Amino acid sequence: MTEQLLKIAKEAETALADIFADIDAVSMKNTEKVLDAFRAHRVSESHFAPSSGYGYDDKGRDTLDRIYADVFGAEAAFVRHGIASGTHALAIGLYGLLRPGDILYSVADKPYDTLDEVIGTVGEAGRGSLRDFGVDYMQSDLKDGKLNLPEIKANLEACGDRIKVVFVQRSKGYLDRPTLTVAEIGELCRLVHAVSKAFVVVDNCYGEFTETLEPTAVGADMIIGSLIKNPGGGMAESGGYIAGSARAVELAGYRLTAVGVGLEIGASLGQTKSMYRGFFYAPHTVAQALKTAHFAAYVFEALGCEAVPRYSERRSDIIQTLRFGAPEKLIAFCKGIQSGSPVDSFVTPEPWDMPGYNDPVIMAAGTFVGGSSIELSADGPLRPPYTAFLQGGLTYESGKIGILRAAEEILKL
Ligand SMILES: *Cc1c(COP(=O)(O)O)cnc(C)c1O
């Protein structure tokens, strides 16, 4: 490690001390909530027993559902290892709520890219998108980085009850816009519920446990996320969850399995324990990822690169973007992150033509769980301004090492 980098790292930790203390306080509060729920539901080893077949009366599965609901301030929830990804969970939620003739109204720019084909705004017709089933799509964009509440109110009043789902993505994801805070989503929920019967559905991916409340605690009817991100705590092997009002979760449950049986079936096949353990770790693991993000922002700002959010800005998700301005820097960055990973550290990431993207994409991921992004990972399209999206870090120590190795690779250029 060069003298220059060691000095920057030291300065970073001094400058970030107050922010790190706040992150620890949020983790403390969320850990307390998780432990309270485990205690209230009397979690014991018997909850980890696998079920097979239909999975009727799987006590571990049903109890974890209750724990998620309690911790997230929701009436009900379900968590299933068989939900294959965040997109799958989001599709379950949307198909569960929307009917022919309804409108899906996205109020914070467009939803995550992988939902385009679910909604039917991209891709050929006839494959069973929401549009194929007669669900229309409408969108409002953020104004100066904030929800455009007057426009949203006017649209809700104009469309009446045809708008069945008001959809909001909490994290900026790959968009060039700020991440929304839980307070901002709460304000949206109050407005929607005052003028309409629509469900407020939140794509909560990357947001869980970054604040002390989730959107369901401030009025959202449904939140949806992935277990290979925040709430899996780096321990869950796969899965997704949906939490929300009793009615919304019941409807999503009918889509998860079949109308009628809903959440009464679904064998846990031995996956329950890692989901419990992951949820136990999640507040702490998210804190590690947040510290890694702040640290990365500080280090790369010191090296002259633009970080969004800035190192000093508070977060409502774990994504850090870094604009490198040159392709070789983005590539070197990913190389350094990869070499700092516990798995596949010897692999050199190369840009490749990923299906569905217009430019080559480079990715760094050396994870225990395939594609997990609560573990330190980075990716970015090879196009100006050569931005890397960085997230995760199971431990701050390993995150810090990964960031410093990435900085070293860039300084070598
Ligand atoms: C990760 C993510 C999703 C879902 O992605 P999958 O790769 O299908 O798990 C959706 N929305 C946001 C904001 C995300 O970050």
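The sections below set out a description of the structure shown in this document. Along every chain, residues carry numbers that run from 1 in the direction the sequence is written. pLDDT decides what is reported in this predicted model: residues at 70 or higher carry local features, side-chain atom pairs at 80 or more are listed and counted, and totals for whole chains, interfaces and linings draw on all residues regardless. Where side-chain values are given, they derive from all heavy atoms of the structure, hydrogens and water being excluded.

## A word on the sheet that holds strand 11 (residues 377-381)
Only when DSSP finds a minimum of two bridges between them are two strands counted as paired. Secondary structure is summarised from DSSP: a helix means a run of H or I of at least four residues, a strand means a run of E of at least two, and numbering begins at the N terminus for each. On the basis of which strands lie adjacent, the open sheet formed by five strands has the order 8-9-12-11-10 and antiparallel pairing. Looking at which strands have only one partner, the edges of the open sheet turn out to be strand 8 (306-308) and strand 10 (361-365). Each neighbouring strand pair of the sheet contributes to a mean axis angle of 15°, computed without reference to strand direction. Inspection of the sheet shows strand 9 (residues 320-323) paired to strand 12 (residues 387-391) by four bridges, in the antiparallel sense. Paired with Gln-320 across the two strands is Leu-390, which belongs to strand 12. Any two residues whose heavy atoms approach within 4.5 Å at even a single point are treated as in contact. To define axes, lines are fitted to C-alpha atoms, for helices over the stretch in contact only, and angles between the resulting N-to-C directions are given on a 0 to 180 degree scale. Its contacts with the sheet place helix 10 (residues 327-339) against strand 9, strand 10, strand 11 and strand 12, and it is angled at close to 20° to strand 10.

## Thoughts on the sheet that holds strand 7 (residues 240-244)
If you trace the seven strands from one edge of the open sheet to the other, you get 1-7-6-5-4-2-3, paired in mixed fashion. Pairing within the sheet leaves two strands with one partner each, and these edge strands are strand 1 (76-80) and strand 3 (136-139). Sheet twist, expressed as the average angle between the axes of neighbouring strands with direction ignored, equals 20°. Where strand 1 and strand 7 come together, five bridges link them in antiparallel fashion. Within the sheet, the bridge partner assigned to Ala-76 lies in strand 7 and is Gly-244. Along the sheet, helix 3 (residues 59-71) makes contact with strand 1 and strand 7, crossing strand 1 at roughly 125°. Along the sheet, helix 7 (residues 182-195) contacts strand 4 (163-169) and strand 5 (199-203); its crossing angle with strand 5, the most-contacted strand, is approximately 160°.

Distances and angles like these do not, on their own, reveal function.
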